[in-house]
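# Architecture and fold: a report
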Amino acid sequence: MSLDNLNQKQREAVEQISGPLLVLAGAGSGKTSTMTHRIAYMIEQGISPYSILAVTFTNKAASEMRGRVEELVGGVARDMWIMTFHSMCLRILRIYPETIGYEKNFLIYDTTDQRTLVKSIIKEKGMNEKEFPPRYLLAAISDCKEKGISAEKYTETVEDNYKTKAIGLVYREYSQRLKKNNAMDFDDILLNCVKLFENNKEILSKYQNRFKYIMVDEYQDTNHIQYSLISMMAEAHHNLCVVGDDDQCIYQWRGADIRNILDFEKSYPDAKIIRLEQNYRSTGHILAAANELISNNDNRLGKNLWTASGNGDPVEIYCAFNELDEARFVASQIQQWKEDEGS
C-alpha cells in the first residue's frame, strides 16, 4: 500500500500506531482517508485485524470506512470490528445477557416502543400528558442515562420539587417495566455494557487484550458513557487513537461532552497531537473567514485551516432576518447560479 497520496500530517498520523494519539481533523481535511489508511497500515505492519477496533457514530460512516479499508487490504478486513458504539455494545451484550440480569434474545425498544410505554405509565399514575409530554420525559431519562445516573441516584441528587418528583417517578417505573419485559432502550445498550465491564473484570480483560488498538471517530461528540467505555477498553495497552474536531461539537443536546477531546492530554499525558489543517473542500477566502470567526471560541485546542487550491471568489455576507429568510436566500442564490450556468 502506498502512502504517497497522503500529505505530510496525514502520513504522520497513519504511521503513529503506538501509544495515545489525538488527531485534530478540520473540516474537509481528509479525515476518513487518514483513518482508513491507518488501519490498512497497521495490518501491513503485521498487526492482526482481530486486534483492531474502529468505532464511529453512524452505520453509514461505519459502512463507508469498512468499504474503504477493504479496498486497501482486501477481504482480510471483512470480519473486523468497524462499527458504531451501539453495534459494538450490543454484540458484546448478546454474548453475556445473563451476566447483567437479562434473558437471551432480549428486546431493543425503539422510539415508538419507548413512547408507548411512557404514555401508559403517565396514564396509570394519573399524570397530565400535556403537562408532562412523553417526549419531554424520555429526553430527561435519556439525559440521565447518558450521564450514568440511575433512577435511584436521580431521586437522591436532584432538587426536590414537583417536576423532578414526576420525572423520578416515571424514570423508576420505566426502568422497572423495561427490565420486566426483558428489554433495553438505546441508552441502556451503552449503559449496560459499562456495567458489564465494571462488574466483571474477566470479561473486561478479555476485550482489553483482544482490542490492543482502538480508534474512535468524531470524538468531540462522545458523551460520558462512551468516554467511560473507551477508557476502560484502552486501559491495558493505551494504543488509543481518537479523531475529531474541537470546533464541531454540535451534539451537546444529546449529551456530547466537548471536554472529552479538550482534556484528552490530561487523561493521556503522553499523547501525541497531530493537526490535519490542509483543506481539500473550500477556497482560501472561505477558510480565512472561517478561521477568523472560529478563533473567537473560548474552548478550543486551535488549528488553522489552509488550502493549496487558491483563494477563489471573495466571501459575500448576507444578514438574514430569521431562519426562513436565510433558507429563502440560499435557495434563490442556488437558483440564480443554475440559471447563470444555463445561459
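Just so it is clear, the structure is predicted and the values come from calculations on it, not from any experiment.

The rules behind each value
- Residues numbered from 1 in each chain as written.
- Predicted model: local features only at pLDDT ≥ 70, side-chain atom pairs only at ≥ 80, totals over all residues.
- Heavy atoms only, no water.
- Helix = DSSP H or I, 4+ residues; strand = E, 2+ residues; numbered from the N terminus.
- Buried < 20%, exposed > 50% of the residue type's maximum accessible area, 1.4 Å probe, protein only.
- Pairing = 2+ DSSP bridges.
- Right-handed = clockwise from strand over helix to strand, strands pointing away.
- Salt bridge = Lys/Arg side-chain N within 4 Å of Asp/Glu carboxyl O.
- Axes fitted to C-alpha atoms, helices over the stretch in contact; angles between N-to-C directions.
- Parallel < 35°, antiparallel > 145°, perpendicular 65-115°, else oblique.
- Left-handed = near helix turned anticlockwise from the far one by under 90°.
- Contact = heavy atoms within 4.5 Å.
- Expected span 1.5 Å × (residues − 1).

### Describing unusual backbone geometry
Of note, Asn105 is a non-glycine position whose phi angle comes to about 60 degrees, a positive value. Tracing the backbone shows Asn105 in the loop between α4 (85-95) and β4 (107-108). Phi angles above zero are rare outside glycine, and Asn182 is one such case at about 55 degrees. For Asn182, a relative accessible area of 12% corresponds to the buried category.

### So, the pairing of strand β7 (residues 240-244)
Along any regular strand the residues' side chains alternate between the sheet's two faces. The buried count for β7 comes to 5 of 5 residues, which makes it a mostly enclosed element. Here β7 shows two buried faces, one formed by Leu240, Val242 and Gly244 and the other by Cys241 and Val243. Where strand β1 (residues 21-25) meets β7, 4 bridges bridge the pair, whose relative direction is parallel. Its bridge partner lying in β7, Leu24 is registered against Gly244. Traced from strand β6 (residues 213-216) through helix α11 (residues 224-234) to β7, the parallel crossover comes out right-handed.

### Here's the deal with the pattern of salt bridges
A complete count under the given rule lists 21 salt bridges for this structure. Between Lys272 and Glu12 there is a salt bridge, with its nearest N and O atoms 3.4 Å apart. On the criterion of sequence distance, the pair formed by Lys272 in strand β8 (residues 272-276) and Glu12 in helix α1 (residues 8-15) is long-range, its members being 260 residues apart. The partly exposed category is assigned to Lys272, whose relative accessible area is 32%. For Lys145, the salt bridge is made with Asp188, and the minimal N-O distance between the two is 2.9 Å. Taken together, the residues span a long stretch of sequence, with Lys145 in helix α6 (residues 134-146) and Asp188 in helix α9 (residues 186-199) at a distance of 43 residues. The exposure classification of Lys145 matches that of Asp188, with both residues buried. Through salt bridges with shared partners, a single ionic network connects Asp245, Asp246, Asp247, Arg300 and Lys303.

### Notes on the packing of α1 against helix α2 (residues 31-44)
Between α1 and α2, the shortest axis-to-axis distance is 8 Å and the interhelical angle comes to 40 degrees. Considering their axes alone, α1 and α2 lie oblique with respect to each other. Pair α1 / α2 crosses with right-handed handedness. Between α1 and α2, the contacting residues are Gln10, Ala13, Val14 and Glu15 on the first element and Thr34, His37, Arg38 and Tyr41 on the second.

### Observations regarding α2
If you check α2, its first and last C-alpha atoms are 20 Å apart, about what 14 residues at 1.5 Å a residue would give, namely 20 Å. Most of α2 sits out of view: 12 of its 14 residues are buried. For α2, every residue scored as buried is listed here: Lys31, Ser33, Thr34, Met35, Thr36, His37, Arg38, Ile39, Ala40, Tyr41, Met42 and Ile43. Gly46 sits one or two positions beyond α2 and adopts a positive phi of about 100 degrees.

### Examining the environment of Ile122
Relative to the helices and strands, Ile122 resides in helix α5 (residues 111-124). Since its relative accessible area comes to 1%, Ile122 is described here as buried. Residues Ile122 and Gln8, 114 residues apart in the sequence, show an inter-C-alpha distance of 58 Å. In contact with Ile122, other than residues within four places in its own chain, are Met127, Asn128, Glu129, Phe132, Pro134 and Leu137.

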